[in-house]
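Analysis of the macromolecular model
The primary structure of each chain is shown beneath.
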Amino acid sequence: MRTKTLTTIVLLLGIAGLVGCNEKPNPKSEAPPPTKVEQVPTDGTVQVAHPEQFPLVTATSRAGTSSLNVTGVVAPDVARMVPVISLASGRVVAIDARLGDSVKKGQLLFSVRSDDISQAFSDYRKAVADETLAHAQLDRSQLLYSKGAISQNALEIAQDTENKAVVDVQTAAQHLKLLGSNTSQPSGVVNVYAPISGVIVEQNITDAAGVKTLDNSPNLFTIANLSDVWIVCDVYENDLPQIGVGQHADIRLDAYPGKVLTGQVSEIDPILDPNLRTAKVRVQVNNPGFLKVGMFVTATFHGKTQETYAVVPASAILHLHDQEWVYVPAPESRFRRVAVSSGEMLPGNMQEIVSGIQPGQQVVSNVLELESTVAP
C-alpha cells in the first residue's frame, strides 16, 4: 500500500514538471512598470501643496522722480594734479617723501647733485666781474666827458656796455634761481620742494637715480589735491538722455554703505566706447576725507519727471544670478516668478520696484521660504 502511494506521488510530480516546461513566459508580466512623465512648467511657475502657507502682500505705490543707477570709480581731478620736475640734471642724493605721502606746499621732496649749478654759478660770477668793469669804465667816461676829453658818443657806448652788463648779471642770477639755487649759497645740490599741498600719486625716482633734463624725463613726482575728486561712471548710450551737465547725483560707496555724498556732473565724454557702447560721465564730488582713489561707488542720477513706483517688503525680492525676482500668485496653487528692477531702499525695510510689477499686485511676502520649499 505504501509502495503504491509513493509511486502515485512521483508520477504527479513528473506530470507537473512536464507541464511547467511546456508553458511559455509572458513578456508583459516580466516588463518593468511604465514610466510616468511629469510635465514641468517652463514659464517660471512652481506648484505647492499648500499655497496658504505663503502669505501674500499687496504692492503699494510711491511717487518719485525717475532715477538711474550706474557704477563708477573714484579718480583724481586732473586739473588738481601738478607734476614735480627738476630743471637741473644730476643724481638723486636724498628723498624725503614717498609715494602715497601727504605733503604740504613748500615741503622738501628730494635733493639732486648737479653740475648745472656749478656752471650757472660760474656764469653768474663772470657776469658780475664784467659788470664791475663796465661800471668803472662808465665812471671814467663820465669824468672824461665832463672835462671835454671824450665825445658824447664814447660816453653813450660806455653807458650801453654798463646796461648790458647789468642785464647779464640779472639773467645769470635768475638762471640760478630757476635751477633751485641762489647767488648767496653756491652749492652743487639742488633741493626740490612741493609746489602744492596734496598726496603723492606718482613716483618715478629712487635713491641714487639719475635725473635727466626736462625735455626727455618723466615726472619725478606727481602731487594730486584730493580735496575734490572725480567719480568716473560708465553710462550706456540708451541712458545718456537722462543725464546732463550740471545734474546732481547721489554717491554711495561700497566701503561705507551708510554714507551718501552729493556730486554734480561736470562733463560727459563726447566719444563712446566702441565695444561697450558706453560714455564716461564725470561727477565732481567734495572729498570729506575718506574717499580714496580707486574706490568703487554707485551713482544715482535723478530725473525731473514724476513717476509712480511699486513698493514691497525687501524680503519679497529674490536676488539670484545678478537678477532680482518676485513671486506672484498664479492659478491652480501655483506661483509665477517675475523679474524686477529695484530702486531705493525705504524706511521700514521696504524696497522700491522700478519695473516688473505695478502697484496693487500681490507678491509672496517672504520669498526665501517659498524658494527653499520648491528647491530640489
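Rules and cut-offs
- Residue indices begin from 1 for each chain and proceed along its sequence in written order.
- Whole-chain, interface and lining totals are the exception, using all residues; otherwise, since this is a predicted model, local features are given only for residues with pLDDT of at least 70 and side-chain atom pairs are given and counted only at 80 or more.
- Neither water nor hydrogens contribute to the side-chain values; these are computed over all heavy atoms in the structure.
- Using a grid of 1 Å spacing that covers the protein atoms alone, one calls a set of points a cavity when a 1.4 Å probe fits there but cannot get out, and a pocket when the set is open and has protein on both sides within 12 Å along at least five of seven lines; lining residues are those with an atom within 4 Å of a point.
- Grid points are joined across faces, edges and corners, and a volume is the space filled by probe spheres set on the points.
- For helices the rule is a DSSP run of H or I covering at least 4 residues; for strands it is a run of E covering at least 2, with both sets numbered from the N terminus onward.
- Side-chain classes follow a simple rule in which Ala, Val, Leu, Ile, Met, Phe, Trp, Tyr, Cys and Pro form the nonpolar group, Asp, Glu, Lys and Arg form the charged group, and the remainder, Gly included, forms the polar group.
- Each nonpolar core is a collection of buried residues, namely Ala, Val, Leu, Ile, Met, Phe, Trp, Tyr and Cys, held together in the definition by side-chain atoms within 4.5 Å.
- Exposure categories follow from relative accessible area, calculated using a 1.4 Å probe and restricted to protein chains: below 20% of the type maximum is buried, above 50% is exposed, and the middle band is partly exposed.
- Contacts are assigned to residue pairs with any non-hydrogen atoms lying within 4.5 Å of each other.
- Think of it this way: DSSP has to see at least two bridges between two strands before they count as a pair.
- Any helix carries an expected span of 1.5 Å times its number of residues minus one.

Volume-wise, the largest pocket comes out at about 310 Å³. Looking at the largest pocket, it is lined by 13 residues, and the ones nearest its centre are Ser342, Gly343, Glu344, Met345 and Gln351. Elements represented by at least two residues in the lining of the largest pocket include exactly β16 (296-313) and β19 (334-346). The leading source of residues in the lining of the largest pocket is β19, at four residues. In the lining of the largest pocket, the residues fall into three nonpolar, seven polar and three charged. Here the second largest pocket is characterised by a volume of approximately 250 Å³. Around the second largest pocket, the lining is made up of 15 residues, and of these Leu178, Gly180, Asn191, Val192 and Tyr193 lie nearest the centre. Taken together, the elements giving at least two residues each to the lining of the second largest pocket come down to β4 (81-84), α4 (152-178) and β8 (189-193). The biggest single contributor to the lining of the second largest pocket is β8, with four residues. When the residues that make up the lining of the second largest pocket are grouped by side-chain class, the tally is 10 nonpolar, four polar and one charged.

Here we take up the nonpolar core. Most often, soluble globular proteins have nonpolar side chains that are buried together. Core analysis: the biggest nonpolar cluster contains 24 residues, and Ile231, Ile251, Leu253, Leu291 and Phe301 have the highest contact counts within it. When residues of this core are traced back to their parent elements, those giving at least two are β3 (60-76), β12 (228-236), β13 (248-253), β14 (260-268), β15 (278-286) and β16. Top contributing element to this core by residue count: β12, with four residues. If near-sequence neighbours (up to four positions away) are discounted, Ile251 is found in contact with Ile231, Lys259, Val260, Leu261, Gly263, Val283, Val285, Val297, Thr298 and Ala299. Membership of the second largest hydrophobic core comes to 16 residues, among which are Leu109, Val112, Val211 and Phe221.

This part is about the sheet that holds β8. Read across the open sheet, the four strands follow the order β8-β7-β5-β10; overall the sheet is antiparallel. Looking at strand neighbours, the two that pair on one side only are β8 and β10 (210-211), the edges of this open sheet. One ladder, built from five bridges, connects strand β7 (residues 108-113) with β8; its direction is antiparallel. Looking at β8, one finds that Ser111 is bridged to Asn191.

This brings us to the pairing of strand β9 (residues 198-203). Side chains on a regular strand alternate between the two faces of the sheet. Bridge count for strand β6 (residues 102-103) against β9 is two bridges, and the pairing is antiparallel. Counterpart to Ser102 in the pairing with β9 is Val199.

Take α4 next. Its 27 residues place the ends of α4 39 Å apart at the C-alpha level, agreeing with the 39 Å of an ideal helix rising 1.5 Å per residue. Taken together, the buried positions of α4 are Leu155, Ala158, Glu162, Ala165, Val169, Ala172 and Leu176. Residues of α4 that are buried sit in contact with α3 (115-146). Looking one or two residues beyond α4, the residue adopting positive phi is Gly180, at roughly 100 degrees.

Don't take any of this as a statement about function, it's just geometry.
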